[in-house]
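# Structure assessment
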Amino acid sequence: MSSVIYRYGLKNDLVAAFSPIQLEHHSLIREDETSEHYIIQTYNCSDFPGYNILASHIYYNRPAMEELVKNAKYVTILRSPYTHLKSDFYFTGKYLRFPNAIDPLEEFVTYRYKLFTEDSGQRETTAIQHYIRRFRLPMSGDSKEKLLAIEQLDRELDLVMLTEYYDESLLLLKKLMCWDFEDILYHKMKVHKEYQPPLTQKSIDMITELAADDIQCYNYFNETFWKRIENYDGDFEADLKTFHSLLDDVNNICKYGNETSYCQLLFGDADYLRRKSLEKYEKWIC
């Protein structure tokens, strides 16, 4: 998703802010899980226009974000906690810690589940709460209290996309932002080629308990996602068909060594696009 945002920013000469996780030595903002404000890099040059984009794995902090990007739309993307855990486990190399395991993920989940069930004092640290922490939702309390917090988050966000329905999500983004089809075209990147055993039922059952709060959050926004499609302004299926046709066309044109700037941006991953976005900061260093 960040590639689509950065590509749009480059096309329209927008200014992007970056977090430490994105650019180790060129961080323009710094934040932590408990901070109420971001530490923002500013420039003394009078022609610095301010920031237009923040597309990062960053903790949701509405007051700080409003200070950073004025009059912004707030969009995020979620993935099923089951497949998110599996993807993260293999993409970040955690599976290498279990070189002799037949199913490294199941062994990892079993270890976490044992800590979770045997030591109540470690429940918050061993539970899988990626979304809960990122959105600063309550980690304690009953399910009704947590639901109220998710509903409040829903009122604050303009769009919650779903990785499993990425193309459908991009159509909703296009509609929200009044963009053209060209603005949401993309090229799939970073497909993990290592063999990944499918999730076993044992792992699924344990993850259901470990990630209960994340699952509640995901299920809520999965439901609202399809309601948005039901209320789509236009013929959603026709637009999706058009989008798929355009995706096929542009990927076929660009994959055979086309060196145009458009194809370079289309095939550039998020790291490449961030570096391209960073180039414009040189003119404000004074």
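Scoring rules and cut-offs
Residues numbered from 1 in each chain as written. Predicted model: local features only at pLDDT ≥ 70, side-chain atom pairs only at ≥ 80, totals over all residues. Heavy atoms only, no water. Phe/Tyr/Trp six-rings, centres within 6.5 Å; stacked < 30°, edge-to-face > 60°. Buried < 20%, exposed > 50% of the residue type's maximum accessible area, 1.4 Å probe, protein only. Helix = DSSP H or I, 4+ residues; strand = E, 2+ residues; numbered from the N terminus. Lys NZ or Arg CZ within 6 Å of the ring centre and 35° of its normal. Pairing = 2+ DSSP bridges. Axes fitted to C-alpha atoms, helices over the stretch in contact; angles between N-to-C directions. Parallel < 35°, antiparallel > 145°, perpendicular 65-115°, else oblique. Left-handed = near helix turned anticlockwise from the far one by under 90°. Contact = heavy atoms within 4.5 Å. Nonpolar A, V, L, I, M, F, W, Y, C, P; charged D, E, K, R; others polar.

### Here we look at the packing of aromatic side chains
Per the stated rule, a full pass over the model turns up 15 aromatic pairs. With a centroid separation of 5.4 Å and 35° between ring planes, the pair formed by Tyr-90 and Tyr-95 is classed as tilted. On the accessibility criterion, Tyr-90 (3% relative accessible area) is buried. Considering the side-chain rings of Tyr-186 and Phe-243, the 6.5 Å spacing of their centres and the 50° angle between planes classify their relative orientation as tilted. Of the two residues, Tyr-186 is situated in the loop between α8 (166–177) and α9 (201–210) and Phe-243 in helix α11 (residues 236–254); the sequence distance between them amounts to 57 residues. For Tyr-186, a relative accessible area of 10% gives the class buried. Three or more aromatic residues joined by ring pairs form one cluster here, namely Phe-89, Tyr-90, Tyr-95, Phe-98 and Phe-108. Against the face of Tyr-74 rests Arg-62, its NZ or CZ located 3.6 Å from the ring centre. Here Lys-174 stacks its cationic end above the ring of Phe-181, 4.5 Å away from the centre of that ring.

### Concerning the pairing of strand β6 (residues 159–162)
Neither face of β6 is open: one carries Leu-159 and Met-161, the other Val-160 and Leu-162, and all of them are buried. Relative to β6, strand β5 (residues 75–78) is paired through four bridges, and the arrangement is parallel. Counterpart to Val-75 in the pairing with β6 is Leu-159.

### Thoughts on the packing of helix α3 (residues 81–91) against helix α4 (residues 104–118)
Packing of α3 against α4 brings their axes to within 11 Å, and their N-to-C directions diverge by 110°. On the basis of their axis angle, the class for α3 and α4 is roughly perpendicular. Of the two possible hands of crossing, α3 and α4 adopt the one that is right-handed. From α3, Leu-85, Lys-86, Phe-89 and Tyr-90 reach across to α4, where they touch Pro-104, Leu-105, Phe-108 and Val-109. Its residues assigned to classes, the contact of α3 with α4 comprises seven nonpolar, no polar and one charged.

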